[in-house]
Amino acid sequence: YGCLQNLTPYLQKYHGTGQVSALFIDSEKNSDSVQMGDYVISIQRTDFSGALGLFGVPSEDKKEKEKSAAGLLVFQLTGHEFLLAGGVGGILINISKGERSKFENVEYASVDEITFENGQIKSHRLNGDETAFGGAVLKPGEVKIFQMKMYGY
């Protein structure tokens, strides 16, 4: 709820404009996507157990993880820039260019993790290894806000 409280100004500004949407996955649905302008924003369930196993970290029960629902609010701030907020189940956020049926990879100009401190926006720029899966990643149980900007074409 703290995340949503910080997003209230964005919800008020973009409500009814076509520049806000939401995505949702659960035990019945492992991915979701929405077309916004020239871009397709998608989420898919992410299983980190294989990657964590390489480092000797025990993984959670996969069946329990598959039951976790996850959601994402998407705000299109400009033609090439998005504010994305969500989480709970483990998800990978990806932005592609083109129609949903024919994805074309895009290059991220920047991916920033956004936090709020005393009502002020703080950002942390993610580097290459933090976006190595192709976009912003939320581990199970996390709720985060990202600002993602694509190179203009």
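Structure: above.
Bear in mind the structure is a predicted one, so any value in this text is a computation, not a measurement.

Draft legend 1. Structural context of the packing of aromatic side chains. As enumerated under the stated definition, the model contains three aromatic pairs in all. Between Tyr10 and Phe75, the ring centres sit 5.9 Å apart and the planes meet at 50°, which makes this aromatic pair tilted. With Tyr10 in helix H1 (residues 2–14) and Phe75 in strand E4 (residues 70–78), the pair connects residues that are 65 residues apart, well separated along the chain. A relative accessible area of 0% places Phe75 in the buried class. On the numbers, 5.7 Å between centres and 85° between planes, the contact of Tyr39 with Phe82 is edge-to-face. In this pair, Tyr39 sits in strand E3 (residues 39–45) while Phe82 sits in strand E5 (residues 81–88), placing the two residues 43 residues apart along the sequence. Overall, the relative accessible area of 0% leaves Tyr39 in the buried class. Judged by its relative accessible area of 0%, Phe82 is buried. Grouping aromatic residues by their ring pairs yields a cluster made of Tyr10, Tyr14 and Phe75.

Draft legend 2. Seen up close, the pairing of strand E1 (residues 20–25). A one-sided burial pattern is seen for E1, the buried positions being Ser21, Leu23 and Ile25 and the unburied ones Val20, Ala22 and Phe24. Direction of pairing for E1 relative to E4: antiparallel, over a ladder of six bridges. In the sheet register, Ile25 faces E4, and the bridge partner there is Ala70.

Draft legend 3. Representation of the pattern of salt bridges. What the rule picks out here adds up to four salt bridges. Of the charged contacts in the structure, one is a salt bridge between Asp32 and Lys29, with a shortest N-O distance of 3.3 Å. Residue Asp32 is classed as buried on the basis of its relative accessible area, which comes to 18%. Overall, the relative accessible area of 36% leaves Lys29 in the partly exposed class. Where Asp112 meets Arg125, a salt bridge forms, and the shortest distance between an N and an O atom there is 2.4 Å.

About the criteria used
- Residues numbered from 1 in each chain as written.
- Predicted model: local features only at pLDDT ≥ 70, side-chain atom pairs only at ≥ 80, totals over all residues.
- Heavy atoms only, no water.
- Phe/Tyr/Trp six-rings, centres within 6.5 Å; stacked < 30°, edge-to-face > 60°.
- Helix = DSSP H or I, 4+ residues; strand = E, 2+ residues; numbered from the N terminus.
- Buried < 20%, exposed > 50% of the residue type's maximum accessible area, 1.4 Å probe, protein only.
- Pairing = 2+ DSSP bridges.
- Salt bridge = Lys/Arg side-chain N within 4 Å of Asp/Glu carboxyl O.

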